[in-house]
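Here is how the chains run, residue by residue.
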Amino acid sequence: MEIDGFGPETAKIVRAAPITGGLMEIEVNTPNVAESYLNVTTDLATDSWTNAPHSDDGANPFVVSNLTYSTASGANKLIYVRTDPPAKFFRMGSKQ
């Protein structure tokens, strides 16, 4: 339960960087990796989000998973997504 905006801290994308070969590296700060999922949409006007597949290193399989499937980067987690068309928008959210 959240009152007046003071609630549990949520996952946040802190950095996104293009990688060669149609990949993007996303760095996420989250207090709970098991409840944090990458969401994706191609149309911000519809507010229709789905879970996005990601890889833990860009070479391993791309699967829909929480952030337990990631690489540690200090206190943050790194995941890798494909950047093929159409243009995509990413956010951290819950399992859909």
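Residues numbered from 1 in each chain as written. Predicted model: local features only at pLDDT ≥ 70, side-chain atom pairs only at ≥ 80, totals over all residues. Heavy atoms only, no water.

1. What about the overall build of the protein chain?
Note the threshold: Runs of E in the DSSP output that reach at least two residues are strands. Runs of H or I that reach at least four are helices, and both are numbered from the N terminus. For the radius of gyration, the atom set is restricted to C-alpha positions; the globular benchmark scales as 2.2 Å times the number of residues to the power 0.38. Contact criterion: two residues are considered in contact whenever any of their non-hydrogen atoms come within 4.5 Å of each other. Areas reported as accessible are Shrake-Rupley estimates using a 1.4 Å probe. Residue values count occlusion only from the protein chains shown. Note that His is not counted, nor are the chain ends; the positive residues are Lys and Arg, and the negative ones are Asp and Glu. The atom standing in for a charge is NZ when the residue is Lys, CZ when it is Arg, CG when it is Asp and CD when it is Glu.
For the protein chain, the count of helices and strands is zero helices and seven strands. From first element to last, N terminus to C terminus, the protein chain shows the α and β order β-β-β-β-β-β-β. A compact globule built from 96 residues would reach a C-alpha radius of gyration of about 12 Å, and the protein chain, at 13 Å, matches this within 12%. Contacts spanning at least 24 positions in sequence make up 54% of the contacts within the protein chain whose residues lie at least 6 apart. Split by element, the accessible area of the protein chain, about 5,800 Å² in all, is 54% carbon and sulfur. For the protein chain, the distance from the average position of its 7 positive side-chain charges to the average position of its 11 negative side-chain charges is 5 Å.

2. Looking at the confidence of the model for the protein chain
Convention followed: Every residue gets a pLDDT, meaning the predictor's confidence in that residue, from 0 to 100.
Residues with a pLDDT of 70 or more make up 91% of the protein chain, whose mean pLDDT is 90. In the model of the protein chain, strand β7 (residues 89-93) stands out as the element of lowest mean pLDDT, 93, in contrast to strand β6 (residues 76-82), which has the highest, 97. Scored below 50 in pLDDT, residues 1-7 makes one contact in the model with residues more than four places away or belonging to other chains.

3. A few points about the side chain of Glu27
Just so we agree on the cut-off: Exposure is judged per residue with a 1.4 Å probe applied to protein chains only, and the accessible area is read against the type maximum: over 50% gives exposed, under 20% gives buried, and values in between give partly exposed. Pairs of N or O atoms within 3.5 Å make up the polar contacts considered here, provided that, within protein, one atom can donate a hydrogen while the other can accept it, and that residues adjacent in sequence are counted only when both atoms are side-chain atoms.
The topology assignment puts Glu27 in strand β2 (residues 23-29). Using a relative accessible area of 12% as the deciding quantity, one classes Glu27 as buried. Polar side-chain contacts of Glu27 include one of 2.8 Å to the side chain of Asn76. Sequence-distant contacts of Glu27, defined by excluding residues within four places in its chain, comprise Lys12, Ile13, Val14, Arg15, Ser73, Asn76, Lys77 and Leu78.

4. Section: the environment of Glu35
Note on placement: Glu35 falls in the loop between β2 and β3 (37-41). Overall, Glu35 belongs to the exposed group, its relative accessible area being 58%. For the pair Glu35 and Gly93, spaced 58 residues apart in the sequence, the C-alpha separation amounts to 8.2 Å. Sequence-distant contacts of Glu35, defined by excluding residues within four places in its chain, comprise Gly93 and Ser94.

5. With respect to the sheet that holds β3
Two modes of strand pairing occur in sheets, parallel and antiparallel, and in both the strands are linked by backbone hydrogen bonds. The following threshold applies: For two strands to count as paired, DSSP must find a minimum of two bridges between them.
With antiparallel pairing, three strands are arranged side by side in an open sheet as β4-β3-β7. Two strands lie at the open edges of the sheet, namely β4 (50-51) and β7, each paired on one side alone. Direction of pairing for β3 relative to β4: antiparallel, over a ladder of two bridges. Bridge pairing links Asn39 to Asn51 in β4.

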